[in-house]
Amino acid sequence: MVQGLLRILLKVDTDRQGIFGGTAAYYGTVEEQGRKTLHLHLLIWIEGCLSPQDIRDKLLADPAFESRFLLWLESCHSGDYGTGSEEELEAKWEHREPDRIVNGRRRKGKSTLLIPDAACSTVSKPPSDMPIEDLSRWYVSYRDDVDRIVFCSNRHDRDHMHGCLRGDPEYCRARFPRELHDSTVVDRNSGAVRFKKQSAWINTYNPVLSACMRFNTDVTCLLSGTQVRAIIAYVTDYVTKSTMNTHNFFKIIKTVLERNTELLDASGERRDHSARKLVSKFVNAISAGTEIGGPAAAAHLLGYPDHYTDHVFKLFYWRGYLRRFVEDLPPEQTPSAYLVDNAKHDRAPGDNVVLGSSHTAGVVPLSKVNDYVYRPLKYP
């Protein structure tokens, strides 16, 4: 399915335009949801795309560019239904029972869909030689099909009954209901794009993508540096977060401590060794107790990747660069954790020197940081 998305809809590794334009690069990660089903987070770079700052400057300075850009943006994703308002579709496709009072508490009436789940059907492809009248009728049925998919899978619960409320005062962590706008416009004060949206309880989606994939999709254009950094942080947090519940985590820690009381009583030179051994036992026990859902296990056994990309990445060992950066800070700004780490090893920052040999200069100090800083510009 992912390969079909990349090859057919995004036209990866071809000179043809995909549903968002030419695809210059992509990177996607596969994660488990709370119910252990798999889903994909995919970042797409569009060919010829400008930086967020360049887009902002051109939107404010060039009316022709603004008109074309907003038209392209609206072709990438939609925030509304195509055949009616949400209230009209609810009246047509959903039956909600009246609210009830049970033991003095108000209970929401149960809602029942009056239409079959659109995910159980396939998209109808229009014939290439279809007359214009028949094509118009097909397009109406296509938009109705997309609305059914969005109605069944993209709607957020208005009563927030699925654990999305957080904080005090409470707020929806999924940011529903969304802010509404009658049309797509550019804010002249900030340069921000206010996307047209008249349905507060659905996320933005691409109609073609929804029709082909037949499930919930969320499509967003990243038009600011803040959005780019936020989505990178979000995906990174999603990839690295533990699937273990907090109470199970501490239960494992307690079990390890109870079984290794002799390590807690170590002193003198054995203290560091015992601490490292205890940490290793923590890591091994937590790894053994981590749960992996059936879909993820099956995907691994079948050889499916846990990420998709068209680029090759090299490992970046950043510790030396971080040390160089910290050493250049004023003493009052040096992180305390860094000072403790150096004091523990009985050395000051910058004391260690790695030596190497040179045909012309004999023995010389080696530094990857200096190699990077003083590298000639002709070398990437």
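You'll find the structure just up there.
Below you will find a few notes about this structure. These numbers come from a predicted model, not from an experiment.

Strand order in the open sheet formed by three strands is β2-β1-β11, with antiparallel pairing between adjacent strands. Here the strands that pair on one side only, and so sit at the sheet edges, are β2 (38-46) and β11 (307-309). When strand polarity is set aside, the average angle formed by the axes of neighbouring strands in this sheet is 10°. Pairing of strand β1 (residues 23-32) with β11, which is carried by three bridges, proceeds in the antiparallel orientation. From the neighbouring strand, Y27 faces β11, where its bridge partner is T309. The sheet contacts of helix α1 (residues 2-9) involve β1, β2 and β11, and relative to β2 the element is tilted by about 25°.

Bringing the packing of helix α2 (residues 52-61) against helix α3 (residues 63-76) into the picture now. For the pair α2 and α3, the least separation of the axes is 6 Å and the interaxial angle reads 120°. By the criterion of interaxial angle, the relationship of α2 to α3 is oblique. Only P63, F65, E66 and F69 of α3 make contact with α2, whose side of the interface consists of I55, K58, L59 and A61. Per-class residue counts for the contact of α2 with α3 are six nonpolar, no polar and two charged.

Inspection of the entire model under this criterion finds 14 salt bridges. A salt bridge links D134 to R137, with the nearest nitrogen and oxygen atoms 2.0 Å apart. Within this pair, D134 and its partner R137 are both found in helix α5 (residues 132-153), separated by three residues, close to a single helical turn. Judged by its relative accessible area of 30%, D134 is partly exposed.

With respect to the secondary-structure elements, Q3 resides in helix α1. Using a relative accessible area of 43% as the deciding quantity, one classes Q3 as partly exposed.

It is worth spelling out the packing of aromatic side chains at this point. For the coordinates displayed, the defined rule picks out nine aromatic pairs. Between F65 and F69 the ring centres are 5.7 Å apart and the planes differ by 20°, which places this aromatic pair in the stacked class. On the criterion of helical spacing, the pair formed by F65 and F69 is a turn pair, its members being four residues apart in helix α3. Given a relative accessible area of 12%, F65 falls into the buried group. Judged by relative accessible area, which is 9%, F69 ranks as buried. A ring pair is formed by Y81 and F151, whose centres lie 6.4 Å apart and whose planes are at 55°; its orientation type is tilted. Note that Y81 is positioned in the loop between α3 and α4 (86-93) and F151 in helix α5, a separation of 70 residues in sequence. Each member of the pair Y81 and F151 is classed as buried. Through successive ring pairs, a cluster of aromatic residues spans F65, F69 and W72. The ring of F65 carries the charged tip of K58 above its face, separated from the ring centre by 4.9 Å.

Of note, G163 is situated in the loop between α5 and β7 (165-166). In the structure, G163 is positioned ten residues away from R173 in sequence and 9.1 Å away in space, judged by C-alpha atoms.

Relative to the helices and strands, T184 resides in the loop between β8 (171-172) and β9 (185-186). Exposure remark for T184: the relative accessible area of 10% places this residue in the buried category. Here E74 takes part through its side chain, which lies 2.7 Å from a polar atom of the side chain of T184. A polar atom in the side chain of T184 sits 3.0 Å from the backbone nitrogen of K196. Leave out the neighbours within four places in its chain, and T184 touches L70, E74, V193, R194, F195 and K196.

To continue, consider the packing of helix α8 (residues 246-259) against helix α10 (residues 270-289). Closest axis-to-axis distance for the α8/α10 pair is 10 Å, and the angle between their directions is 135°. With respect to their mutual orientation, α8 and α10 come out oblique. For the element pair α8 and α10, the recorded crossing hand is right-handed. For the pair formed by α8 and α10, the contact residues are F249, I252, I253, V256 and L257 on the first element and L278, K281, F282, A285, I286 and G289 on the second.

Together, F316, W318, L322 and F325 line one region of the surface with nonpolar side chains, adding up to about 490 Å² of accessible area. Topologically, L322 is positioned in helix α12 (residues 319-327). Residue classification places L322 among the partly exposed residues on the basis of a relative accessible area of 40%.

Thresholds applied
Per chain, the residues get numbers from 1 upward, laid out in the order the sequence is written. With the structure being a predicted model, the display of local features is reserved for residues of pLDDT at least 70 and the display and counting of side-chain atom pairs for 80 or more, all residues being used for whole-chain, interface and lining totals. By convention in this description, side-chain values take in all heavy atoms of the structure and omit both hydrogens and water. At least two DSSP bridges between two strands are required for those strands to pair. A run of DSSP states H or I qualifies as a helix once it reaches four residues; a run of E qualifies as a strand once it reaches two. Both are numbered from the N-terminal end. What counts as an axis is a line fitted to C-alpha atoms, over the stretch in contact for a helix, and the angles between N-to-C directions run from 0 to 180 degrees. By definition in these notes, contact holds between two residues if any of their heavy atoms fall within 4.5 Å. These descriptions rest on fixed angle ranges, namely under 35 degrees for roughly parallel, over 145 for roughly antiparallel, 65 to 115 for roughly perpendicular, and the rest for oblique. Lys, Arg, Asp and Glu make up the charged group, whereas Ala, Val, Leu, Ile, Met, Phe, Trp, Tyr, Cys and Pro make up the nonpolar group; the residues left over, Gly among them, are polar. Basic side-chain nitrogens of Lys or Arg form a salt bridge, by our definition, when they fall within 4 Å of a carboxyl oxygen of Asp or Glu. A 1.4 Å probe rolled over the protein chains alone gives each residue an accessible area, and that area as a share of the maximum for its type sets the label: buried under 20%, exposed over 50%, partly exposed in between. In summary, the pairing rule links any two rings of Phe, Tyr or Trp, Trp by its six-membered ring, whose centres are within 6.5 Å, and it sorts them by plane angle into stacked for under 30 degrees, edge-to-face for over 60 and tilted for everything else. Either the NZ atom of lysine or the CZ atom of arginine qualifies as a charge over a ring when it sits within 6 Å of the ring centre and within 35 degrees of the ring normal. N or O atoms within 3.5 Å of each other form a polar contact, as long as, within protein, one can give a hydrogen and the other can take it, and as long as residues adjacent in sequence are counted only when both atoms are side-chain atoms. In this scheme the crossing of two helices becomes right-handed for a clockwise turn of the near helix relative to the far one and left-handed for an anticlockwise turn of less than a right angle. Each patch is assembled from residues with relative accessible area greater than 30% and no salt bridge, linking like charges that lie within 9 Å and nonpolar side chains (Val, Leu, Ile, Met, Phe, Trp, Tyr) that lie within 5 Å. In these tables, accessible area is a Shrake-Rupley quantity obtained with a 1.4 Å probe, and a residue counts as shielded only by the protein chains included in the view.

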